[in-house]
Amino acid sequence: MPTIDGKKIKGKFGFDMIPRDDFREVLDNMRRVMCASVYIEKRVLGNDALNFTEFTDTVQEDIILEVKSKRGESIKDTVYDFLAKLNGGRAFIQKIRVKGLLPNNNESIIDSSFIVKKEYVDAQQNEDTGEINTTYLFSQLLELSNGFQ
């Protein structure tokens, strides 16, 4: 716990990845989905659908397909389709990583292989002195922590 000693705050900040229960629940709560990375088995390169190459021995196990939304739009429905294919087991999809905005405008990243919620806070810096506005920083941290009680 940080303590105040004179004018300095002694202590440290840390962060952890917080496991989430349900990928779909977090996805449902996103206001907008901007980007999805779909990890696909390498054998899709040589199958009848793509037929790019049969030489995949030197290719890493997963191929990453990145799908981005148009400016200001959401690809949430597209991600639901990917998720259905992943859960159906008929596709070559191994996992899905999604980047989106929550209702509080915080950016969040979720991953179907290890459901985590990763959020960011803004630091306001005084342009003249270079000092960080800790009151604002702590208020954002407090707001984030209230969501995990």
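This text follows the structure it describes.
Report follows, based on the coordinates.

The rules behind these values
Residues numbered from 1 in each chain as written. Predicted model: local features only at pLDDT ≥ 70, side-chain atom pairs only at ≥ 80, totals over all residues. Heavy atoms only, no water. Helix = DSSP H or I, 4+ residues; strand = E, 2+ residues; numbered from the N terminus. Expected span 1.5 Å × (residues − 1). Buried < 20%, exposed > 50% of the residue type's maximum accessible area, 1.4 Å probe, protein only. Arc of directions from axis to C-beta. Polar contact = N/O pair within 3.5 Å; in protein donor to acceptor, adjacent residues only side chain to side chain. Phe/Tyr/Trp six-rings, centres within 6.5 Å; stacked < 30°, edge-to-face > 60°. Lys NZ or Arg CZ within 6 Å of the ring centre and 35° of its normal. Core = buried A, V, L, I, M, F, W, Y, C linked by side-chain atoms within 4.5 Å. Contact = heavy atoms within 4.5 Å. Pairing = 2+ DSSP bridges. Axes fitted to C-alpha atoms, helices over the stretch in contact; angles between N-to-C directions. Salt bridge = Lys/Arg side-chain N within 4 Å of Asp/Glu carboxyl O.

1. Things to note about helix H3 (residues 134-146)
Counted at 1.5 Å a residue, the expected span for H3 with its 13 residues is 18 Å, and the 18 Å between its end C-alpha atoms agrees. Every buried residue of H3 is accounted for by Leu 137, Gln 140 and Leu 144. One side of H3 carries all its buried residues, which in axial view fall inside an arc of 65 degrees. The outward face of H3, more than 90 degrees from its buried face, is lined by the exposed residues Thr 135, Leu 142 and Glu 143. N-cap assignment for H3: the residue whose side-chain oxygen lies 3.2 Å from the backbone N of Thr 135 is Asn 133.

2. Considering unusual backbone geometry
Its identity is not glycine, yet Asn 105 carries a phi of approximately 70 degrees, on the positive side. Within the element layout of this structure, Asn 105 appears in the loop between strand E6 (93-101) and strand E7 (107-111).

3. A short note on the packing of aromatic side chains
Evaluation of the coordinates by the stated rule reveals zero aromatic pairs. The ring of Tyr 39 carries Lys 95 above its face, with NZ or CZ at 4.5 Å from the centroid.

4. Describing the nonpolar core
One finds Phe 23, Leu 27, Val 79, Ile 96 and Val 98 to be the most contacted residues of the largest nonpolar core, which totals 20 residues. Within the residue set of this core, elements represented by two or more residues are helix H1 (23-29), strand E4 (32-41), helix H2 (76-88) and E6. For this core, the leading source of residues is H2, giving five residues. Residues within four places of Ile 96 in sequence aside, it is in contact with Phe 23, Ser 37, Val 79, Phe 82, Leu 83, Leu 86, Ile 110, Asp 111 and Ser 112.

5. Some details on the sheet that holds E7
Taken together, four strands build an open sheet; the order of strands is E5-E4-E6-E7 and the sheet is antiparallel. Each edge of the sheet is formed by a strand with only one pairing partner; in this case those strands are strand E5 (62-68) and E7. The average angle at which neighbouring strand axes cross in this sheet is 15 degrees, direction not considered. Looking at chain direction, E4 and E5 are connected through seven bridges and run antiparallel. Bridged to Val 38 within E5 is Leu 65. In the packing of H2 onto the sheet, the strands contacted are E4, E5 and E6, and the crossing angle to E6 comes to about 155 degrees.

6. Observations regarding the pattern of salt bridges
The tally for this structure, following the rule as stated, stands at four salt bridges. For the salt bridge of Lys 68 with Glu 66, the shortest nitrogen-to-oxygen distance reads 3.6 Å. Relative accessible area serves as the criterion here: at 46%, Glu 66 is assigned to the partly exposed category. Across the pair Asp 111 and Lys 95 runs a salt bridge whose closest N-O atoms are separated by 3.7 Å. Of this pair, Asp 111 sits in strand E7 while Lys 95 sits in strand E6, and the two are 16 residues apart along the sequence. A residue is classified by how much of its surface remains accessible, and Asp 111, at 6% relative accessible area, is buried. Salt bridges linked by common partners bring Lys 95, Arg 97 and Asp 111 together as one network.

7. Observations concerning the environment of Gly 72
The topology assignment puts Gly 72 in the loop between E5 and H2. The sequence separation of Gly 72 and Arg 32 amounts to 40 residues, and the corresponding C-alpha distance is 8.5 Å.

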